[in-house]
Amino acid sequence: MRQRRVMIVLICILAAAICIVAVNLIVLHHKVNTIPEQAVTDLCAALAEDGIALDPELVSRKKTDGIIYMGSGDSYGENVAVLLCGSPIRSSYVIPDGILFEHRNGRVTEFMSDFSFRYRAVGVNWTLTEDFVYDTFTAGMRGLDTDGEYAKIAAKFLERGDSAFEGGPTAPQAGIRVEAVRQAEDGIVYVRCVRLMDGMEINGNEVICVIRGETVTEAAGEWCFLTFGEAWQAQLSDITNILFTMKRDIRDITGDAQEIRIRDVSRCYSLYFLSGDDGFCLIPCVKISAEPYGILVYNALNGTLYTTISEK
C-alpha cells in the first residue's frame, strides 16, 4: 500500500515536471517567434515623433521565415514563347531592349529584359498600345465576375507559359489573381491579372489579356513566367526593424516635414537579378503604402530599400 502511494506521488511529480517544461517551451517559442507588444508601441511612438502615423494593428506580431526561388535567364524568352504559343519559333528579330518571335502558327511574342512581354494571335491588330491604361480604357464598360469563365480563360492562358518546378525542396504555391474583368459593347473582354507566389503578390507583375470569343488574342504587361528550380528558406528581418529604417528613408526622400500616414504593411515578392550571369530570383519583400508619398518596397532578407513606387 505504501509503495503504491509512493508511485502515485512520483507520477504526479513527473506530470508536473512535464507540464512545467511544456509551458516553458511554449513561452520560449512565443518569445522567439513573436514581436513583443512593447516593441510595437515604441515603434509607433518613434514614428509619430517624426510625423509618421502608423496603426499598431498593421504590424504583424509573427516572425516568419521566407523562401527564395531561384531561376535561370538562359533562353528564358525562347522557352516561354514556345510554351505560351504552343508552336515552335519560325524566326526572331532584335527589337529595342528585347526580342520578337514569329511562331509557325502565325502568333507573335515579344520579350523584353525587364520581364515585360507582349502576345498577339494571328490576324489581330494591337489594342494594348504603350499608352493603354486599363481603368481609363475600360471606363463605362460592363463589369463581369472575376471568378467567371473569362477570368478562367485568361488564367489558363498565362499558366501555359509556366514550366514545372524542378529540384526545389519546398513546393511553391503559385497562383494568379484576376483583379478586374470588363466587357465592351462589341463583346471584347479585357482582363487584368496579377501574379501570386505563396499567397503573396510578386511586386510589379500585372498583365492585361484581351479575349475575343473564348480565346486570348492579345496580352501585354510585366509578368514573371515561372521557370524556377532551386528554392530554400531564409530568415527574414523583423518588421519593426524595417519600419524603423523606413522612418529614415522616407524623410530622406521627401525632404520635408509633411505628415505621412502608413495605410498598409504587407508581404510580397520581388524579382532580383543576379550579378555576373543571366540568373534571377524571387526574394521576399515588405511593401509599405505611405500616403501621400507612395509605396516603399523593402528587401525582407536584409531590411534594405528595394524600390519606391510613386502614387498614380
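Structure: above.
This is a predicted model, so every value here is computed, not measured. (Residues numbered from 1 in each chain as written. Predicted model: local features only at pLDDT ≥ 70, side-chain atom pairs only at ≥ 80, totals over all residues. Heavy atoms only, no water.)

1. Let's talk about the environment of P56
Along the polypeptide, P56 turns up in the loop between β1 (52-53) and β2 (65-71). Judged by its relative accessible area of 34%, P56 is partly exposed. Once the C-alpha coordinates of P56 and V40 are considered, the two residues, 16 residues apart in sequence, prove to be 6.6 Å apart. (Helix = DSSP H or I, 4+ residues; strand = E, 2+ residues; numbered from the N terminus. Buried < 20%, exposed > 50% of the residue type's maximum accessible area, 1.4 Å probe, protein only.)

2. Here we look at the packing of aromatic side chains
Per the counting criterion, the structure on display carries 11 aromatic pairs. Note on Y76 and F115: the rings are 5.1 Å apart at their centroids and 70° apart in plane angle, and the pair reads as edge-to-face. Of this pair, Y76 sits in helix α3 (residues 76-85) while F115 sits in the loop between β5 (108-112) and β6 (116-120), placing them 39 residues apart in sequence. Like F115, Y76 is buried. Their ring planes at 75° and their centres at 4.9 Å tell us that F115 and F280 sit as a pair that is edge-to-face. Of this pair, F115 sits in the loop between β5 and β6 while F280 sits in strand β14 (residues 280-291), and the two are 165 residues apart along the sequence. Using a relative accessible area of 5% as the deciding quantity, one classes F115 as buried. The exposure class of F280 is buried, given its relative accessible area of 1%. Three or more aromatic residues joined by ring pairs make a cluster, and in this case those are Y76, F101, F111, F115, F117, F225 and F280. (Phe/Tyr/Trp six-rings, centres within 6.5 Å; stacked < 30°, edge-to-face > 60°.)

3. Some thoughts on the pairing of strand β9 (residues 189-197)
Along β9, nine of the nine residues are buried, which leaves the element largely enclosed by surrounding structure. Of the two faces of β9, the one lined by V189, V191, C193, R195 and M197 and the one lined by Y190, R192, V194 and L196 are each fully buried. Bridging between strand β8 (residues 174-183) and β9 involves nine bridges; their strand directions are antiparallel. In the sheet register, V178 faces β9, and the bridge partner there is C193. Hairpin connection between β8 and β9: a loop of five residues separates the two successive antiparallel strands, and G187 in this loop has a positive phi of roughly 95°. From the end of β9 to the start of strand β10 (residues 200-212), which pair antiparallel, there are two residues, and D198 there has a positive phi angle of about 55°. (Pairing = 2+ DSSP bridges.)

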